[in-house]
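# Examination of the molecular architecture
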Amino acid sequence: MTYQKHLLAVAIAASLAACGGSSGGSSSDATPPPAATQVTADNLAQALSIQGAEPVTVDIPENLSSSSGLTSGTDSVVVSANSAFTLNLAVPVSEVPDGKQVAGYVVELPGGSQQFVRVDSNTTSGASVQSVTVPVKQLADGDAKVKTKTVKTPRPARVQAAGDDAVGATSVTITGWNPANFNLDASLEGLVLRIIPLFVNENITDIATRTFAELQAADGFAISLVQELALAVEAVATSPVQISLTWDTQTDVDLYVLEPDSDSDQNVIYYLNPISATSLGWLDTDNTTAYGPENITYGYEVPPGTYHVGVNYYSGAPETKYSITVAIGSDVQTFTGTFEAGSRNYGDMSGLLNPDGSIVANETNTGSDIVFSFTADQVNSLLAAKVPNSQYLGVYQLPEDSSVQGYIKIENDRITAYELRDSSCYYFYGLTTNYLPTGFRVNSGLQVSDAFRGGFIAYEEESAGYTYAYRTLTKVADSVLSDCLGYEEVLR
């Protein structure tokens, strides 16, 4: 599955259509904002946000009983810039101490920072699509909010954990950092998030309305269980227009943007077309195994029209809940949805849009959703003016501190990447375009994100270790490519 999708992406991406000109927008030579704080394991408590949670300090006993039933089948939490990941929590009845009830949960981050979430706070009903932050903008086809599907029915808040009857149901949404305040170039590894249920006597009433201090004063807490989850703090590309996807199962879910005239694959951003040659938007990673993130950014002005944010259940079996965060400047909105068990459809995005580009009401494609739409007019004032290739013709070398070594050749209508490996030079990736795509930027010189190169390597094990740092390119003589193998030679 991983091999097939990534190999196809590399094989197909060599021919994308060129795009037209533009005007206006912010200058690509604008002075960059002050540097954001780098995200570390020590400052995660400041970088992350847990919706509806209250900072607390609780003495957690050592040698707690380990439970795998507090979350509904999820063993990891994924966070990144402008992301949202929702955990559905409950305690199996068999694990609740006699005479006790669940008052809430302590979410403990690396470094010991603790947040308390009361039972029934932030409880979601499982409706097909809903906003959990600010109200949804007016859609381009005139609808006041995102349509929910009649084929998907709301689910009760009560959560079943590990196949056992469960109590104390609530949901916890962990959101990533604002890129204006925090930055992460390389993913953090080896981190753990702990979930600890707090129990009080079963005669305590009105738990959902009591503060942590009131509950503690009334009864103290019984603490006996903990579930430890891997905490994946992932680096992704960021921009003034950013769309991120996470989900809660070990399945393959894909993020899409259906652009104007999306009947052509060249005008759809997804795993087989990670860079749109018309909008210059960029899908920087295709997560094929579990949880996400997948992430699409726009760095340059986009052509007129309506852009639809979609999600597809590519492969897997279990019921899967997803979260999509759309950040347009300072306006950040998160949408949640549910794919029913068995609704995988291997990339079928048909039946979602009418011929005029509007959203089909009550569409019946159970493996795909459209969750949000925006227009070029809504985003172009935030984006930089397109940069013609003609301003940067020639061959450029990546610096030694890049995670992938090699060259980038810029021609009037094409950008070609070459990789240096084992003292040999290979054709790596070719993109037909007249303009620098997202992933390149002009900032006191021509720069490119490491991930623009590393993310397109066909095999995940080979791409491990690339970062999202921007590297300044150095122009070199065209002759450095004289010994590089061309595309046809590489295929042989």
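Since we're looking at a predicted model, the values are computed, not measured. (Residues numbered from 1 in each chain as written. Predicted model: local features only at pLDDT ≥ 70, side-chain atom pairs only at ≥ 80, totals over all residues. Heavy atoms only, no water.)

## Things to note about the confidence of the model for the protein chain
- Averaged over all residues, the pLDDT of the protein chain is 83; the fraction at 70 or higher stands at 80%.
- Note on residues 6–30: pLDDT under 50 across the span, and 65 contacts to partners over four residues away in sequence or across chains.
- This stretch, residues 457–463, has a pLDDT under 50; its non-local contacts, to residues over four places away or in other chains, come to 15 contacts. (pLDDT = per-residue confidence, 0-100. Contact = heavy atoms within 4.5 Å.)

## Some details on the state of the cysteines
- Applying the stated criterion across every chain yields a total of one disulfide.
- Between the sulfur atoms of Cys-425 and its disulfide partner Cys-484 the distance amounts to 1.8 Å. The S-S bond linking Cys-425 to Cys-484 shows a torsion near 80°; that makes this disulfide right-handed. Of the two residues, Cys-425 sits in strand β26 (residues 424–432) while Cys-484 sits in the loop between β30 (474–476) and α7 (487–491), which places them 59 residues apart along the sequence. (Disulfide = S-S within 2.5 Å. Helix = DSSP H or I, 4+ residues; strand = E, 2+ residues; numbered from the N terminus.)

## A look at the packing of aromatic side chains
- Using the criterion set out here, one finds 17 aromatic pairs in the structure.
- With 5.0 Å between their ring centres and 70° between their planes, Phe-440 and Phe-452 make a pair best called edge-to-face. Of the two residues, Phe-440 is situated in strand β27 (residues 440–442) and Phe-452 in helix α5 (residues 450–454); the sequence distance between them amounts to 12 residues. As far as the burial class goes, Phe-440 and Phe-452 line up, both buried.
- Of note, Lys-386 hangs over the ring of Tyr-435, and the distance from its end group to the ring centre comes to 5.4 Å.
- Lying across the ring of Tyr-470, Arg-441 places its NZ or CZ 3.9 Å from the centre. (Phe/Tyr/Trp six-rings, centres within 6.5 Å; stacked < 30°, edge-to-face > 60°. Buried < 20%, exposed > 50% of the residue type's maximum accessible area, 1.4 Å probe, protein only. Lys NZ or Arg CZ within 6 Å of the ring centre and 35° of its normal.)

## Here we look at the sheet that holds strand β22 (residues 368–375)
- The four strands lie next to each other as β16-β15-β19-β22, forming an open sheet whose pairing is antiparallel. Each having just a single partner strand, β16 (268–269) and β22 make up the two edges of the open sheet.
- Direction of pairing for strand β15 (residues 252–258) relative to strand β19 (residues 306–315): antiparallel, over a ladder of seven bridges. Looking across to β19, one finds that Tyr-256 is bridged to Gly-310. (Pairing = 2+ DSSP bridges.)

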